[in-house]
Amino acid sequence: MDIYHELESNVRGYCRSFPVTFTKAQNAILTDNEGNEYIDFLGGAGTLNYGHNNPVFKKALLEYIESDSITHGLDMHTEAKTAFLKSFNERILKPRKMKYKVQFTGPTGTNAVEAALKIARKNTGRQTIVSFTNGFHGVTQGAAAVTANNYYKNAIGMPLPGVQFMPYDGYLGDFNTLHYFEKALQDGSSGLGHPAAVIVECIQGEGGLNSASAAWMLGLQALCKRYNMLLIVDDIQAGCGRSGTFFSFEEFGIEPDVITLSKSLSGYGLPMAIVLLKEKLDTWKPGEHNGTFRGNNHAFITARMALETYWADDSFSQSVKKKAQLIRSRLKEIQAEHGGQMKHKGRGIMQGLECVNGQVASRITELAFKRGLIIETSGSDGQVVKILTPLTIEEDTLKAGLGILAECIGDVMAEQISKAS
């Protein structure tokens, strides 16, 4: 590890929690250079929904590379890009009766968010974006502005104007926070003014697995329409099947004006991001928003294979929902075993347990790693132990990982009781 301490920036993060050298990976199993295996409940922070080194994607990618086809193409037409667009339209948009233009941005989620914010401001002529408590949308300047956590905002080193924060669903207990939002919109002295748009996650991944209800999301959409604000749904972590449907908002029946997608979009862990925008909002001039690597053709190949392999019918979606129910049941059991000291959070295969504080959650994930389970925390204090395993994980492996997690929680809870006494 000396080379990392000597040369790599202090900004490195995940390697501090999992200080080994990984050499191989297959589906939901990682192997280090000493041959130790780990069950992966991290999944590339939501980037590996279809597992590590998916064999179907790998075969198609190797064939494409061997054929000397286009790797980098800016935004020029290529066969790989054409095939992806056609497949995305046929497998995702048309079956859901969704009519959107597809914008290829720079290759990461934060690039997509930056583009979405510009779209909103460009089309409305207004500046303010409303974001929500515990929201996370990236760490570049615009995306950090709509990110709630001060840890990321402070790193920018300058004021981040143009954003107002509203309480997310459940932030004030049973009180419907949209009532406060609307009151602020109606009151010329609230300081809110007339926003251009709102940006929201249906499941707040980094924010602690807070999950918005259908009633709240439908209410938010109605509020946006009443006050002529665009609705941007950030589906970067919760999309591509993680909620049980391709988009995390499908079960709500809402129609966002703008949608951001990245992370598992490529299917193989290759950088790729897009913005879906209603046709009337596609007011860009040629090249007005660009990026050197918005044409990652290798990612187009694996993204198309993901769509054709897993989204040709609803069988994959049903398997995700089945595993999600298994996770939910086991987490509820763990919660009950420890007398309500933990709270179940999230939905789909994006669930976890909220602990009394971040120290307890960190101790659980530390112990889990020593026992062969890679899992991270989230939330404002890192207090939520979060499951983001590949959606393709074998059921036996999933149960084994949940078993390790349950044992670690039990041991940490016993440690806490011992300390208290």
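Everything here concerns the structure above.
Being a predicted model, the structure only gives us computed values, none of them experimental.

A word on the overall build of the protein chain. Helix and strand counts for the protein chain come out as 14 helices and 17 strands. Against the compact-globule benchmark of 22 Å for 421 residues, the protein chain has a radius of gyration of 21 Å, which places it among compact chains. Referenced to the eigenvectors of the C-alpha coordinate spread, the extents of the protein chain come out at roughly 60 × 60 × 45 Å. Counting the 421 residues in the protein chain, one finds 54% classified as buried. At a minimum sequence separation of 6, the contacts of the protein chain that also span at least 24 residues come to 72%. Each charge class in the protein chain can be summarised by its mean position, and for the 43 positive and 44 negative side chains these summaries are 6 Å apart.

For any pair of aromatic rings, geometry is given as the distance between the ring centres together with the angle between the planes. Taken as a whole and assessed by the stated rule, the structure comprises 23 aromatic pairs. Between tyrosine 38 and phenylalanine 369 the ring centres are 5.1 Å apart and the planes differ by 10 degrees, which places this aromatic pair in the stacked class. Residue tyrosine 38 is found in strand β3 (residues 37-40), and its partner phenylalanine 369 is found in helix α13 (residues 358-370); the two are separated by 331 residues along the sequence. Exposure remark for phenylalanine 369: the relative accessible area of 10% places this residue in the buried category. Between phenylalanine 132 and tyrosine 168, the ring centres sit 6.3 Å apart and the planes meet at 70 degrees, which makes this aromatic pair edge-to-face. With phenylalanine 132 in strand β5 (residues 129-132) and tyrosine 168 in the loop between β6 (163-166) and α9 (177-186), the pair connects residues that are 36 residues apart, well separated along the chain. These aromatic residues form a ring-pair network of at least three members: Tyr50, Phe57, Phe84, Phe88, Phe104, Phe246, Phe247, Phe249, Phe300, Tyr310, Trp311 and Phe316.

Phe88, Phe132, Phe181, Leu220 and Ile364 are the most contacted members of the largest nonpolar core, which has 90 residues in total. The element best represented in this core is helix α14 (residues 395-420), accounting for nine residues.

This paragraph deals with helix α10 (residues 214-226). At 3.6 residues per turn, the α-helix brings residues three or four places apart onto the same side. Here α10 spans 18 Å end to end across 13 residues, near enough to the 18 Å set by a 1.5 Å rise per residue. Turning to α10, its buried residues are Trp216, Met217, Leu220, Gln221, Leu223 and Cys224. End-on, the buried residues of α10 take up no more than an arc of 160 degrees, which puts them together on one face. For α10, the exposed residues lying more than 90 degrees away from the buried face are Ala215, Lys225 and Arg226. Packing partners of the buried residues in α10 comprise β5, α9, β7 (197-200) and β10 (230-234). Phi for asparagine 228, located one or two positions after α10, is positive at around 55 degrees.

Checked against the element boundaries, asparagine 149 lands in the loop between α7 (141-145) and α8 (150-154). As for asparagine 149 and glutamate 206, which are separated by 57 residues in sequence, their C-alpha atoms are 9.5 Å apart.

Reading across from one edge, β13-β14-β17-β16 is the order of the four strands in this open sheet, with antiparallel pairing throughout. Strand pairing shows two members of the sheet lacking a second neighbour, β13 (343-346) and β16 (376-378), which therefore form its edges. Recorded for the sheet is a direction-independent mean angle of 35 degrees between the axes of neighbouring strands. With four bridges joining them, β13 and strand β14 (residues 351-354) adopt antiparallel strand pairing. Counterpart to histidine 344 in the pairing with β14 is leucine 353.

The N-to-C vectors of α9 and α10 enclose an angle of 10 degrees; their axes lie 10 Å apart at closest approach. In terms of their interaxial angle, α9 and α10 are classed as roughly parallel. Within the contact between the two elements, α9 uses Thr177, Leu178, Phe181, Glu182 and Leu185 and α10 uses Trp216, Gly219, Leu220, Leu223 and Arg226. Here the contact of α9 with α10 is built from residues that sort into six nonpolar, two polar and two charged.

Within the fold, threonine 245 resides in the loop between β10 and β11 (258-261). In this structure threonine 245 comes out as buried when scored by relative accessible area, which is 15%. Polar contacts involving the side chain of threonine 245 include one to the side chain of serine 243, which spans 3.3 Å. Each residue touching threonine 245, except ones within four places of it in the same chain, is listed here: Glu250, Trp311, Ser317 and Lys321.

This part covers the state of the cysteines. With the rule as written, the count across this model stands at zero disulfides. This cysteine, cysteine 240, is not joined by any disulfide, and cysteine 202 carries the nearest cysteine sulfur, 14 Å off. By relative accessible area, cysteine 240 is classed as buried at 1%. Cysteine 408 supplies the cysteine sulfur nearest to cysteine 355, a cysteine that is in no disulfide, at a spacing of 12 Å.

The next subject is the sheet that holds strand β15 (residues 373-374). Pairing in this open sheet of four strands is mixed, and the strands run β1-β2-β3-β15 from one edge to the other. The open sheet has two free edges, formed respectively by β1 (22-26) and β15, since each of these has just one partner strand. As paired elements, β3 and β15 share two bridges and run parallel to each other. Residue pairing across strands places isoleucine 39 opposite leucine 373, the latter belonging to β15. Relative to β3, α14 is tilted by about 95 degrees, and along the sheet it contacts β2 (29-32), β3 and β15.

Reading the values: rules and limits
- Residues numbered from 1 in each chain as written.
- Predicted model: local features only at pLDDT ≥ 70, side-chain atom pairs only at ≥ 80, totals over all residues.
- Heavy atoms only, no water.
- Helix = DSSP H or I, 4+ residues; strand = E, 2+ residues; numbered from the N terminus.
- Rg over C-alpha atoms; globule rule 2.2 N^0.38 Å.
- Buried < 20%, exposed > 50% of the residue type's maximum accessible area, 1.4 Å probe, protein only.
- Contact = heavy atoms within 4.5 Å.
- Lys, Arg positive; Asp, Glu negative; His and termini not counted.
- Charge placed at Lys NZ, Arg CZ, Asp CG, Glu CD.
- Phe/Tyr/Trp six-rings, centres within 6.5 Å; stacked < 30°, edge-to-face > 60°.
- Core = buried A, V, L, I, M, F, W, Y, C linked by side-chain atoms within 4.5 Å.
- Expected span 1.5 Å × (residues − 1).
- Arc of directions from axis to C-beta.
- Pairing = 2+ DSSP bridges.
- Axes fitted to C-alpha atoms, helices over the stretch in contact; angles between N-to-C directions.
- Parallel < 35°, antiparallel > 145°, perpendicular 65-115°, else oblique.
- Nonpolar A, V, L, I, M, F, W, Y, C, P; charged D, E, K, R; others polar.
- Polar contact = N/O pair within 3.5 Å; in protein donor to acceptor, adjacent residues only side chain to side chain.
- Disulfide = S-S within 2.5 Å.

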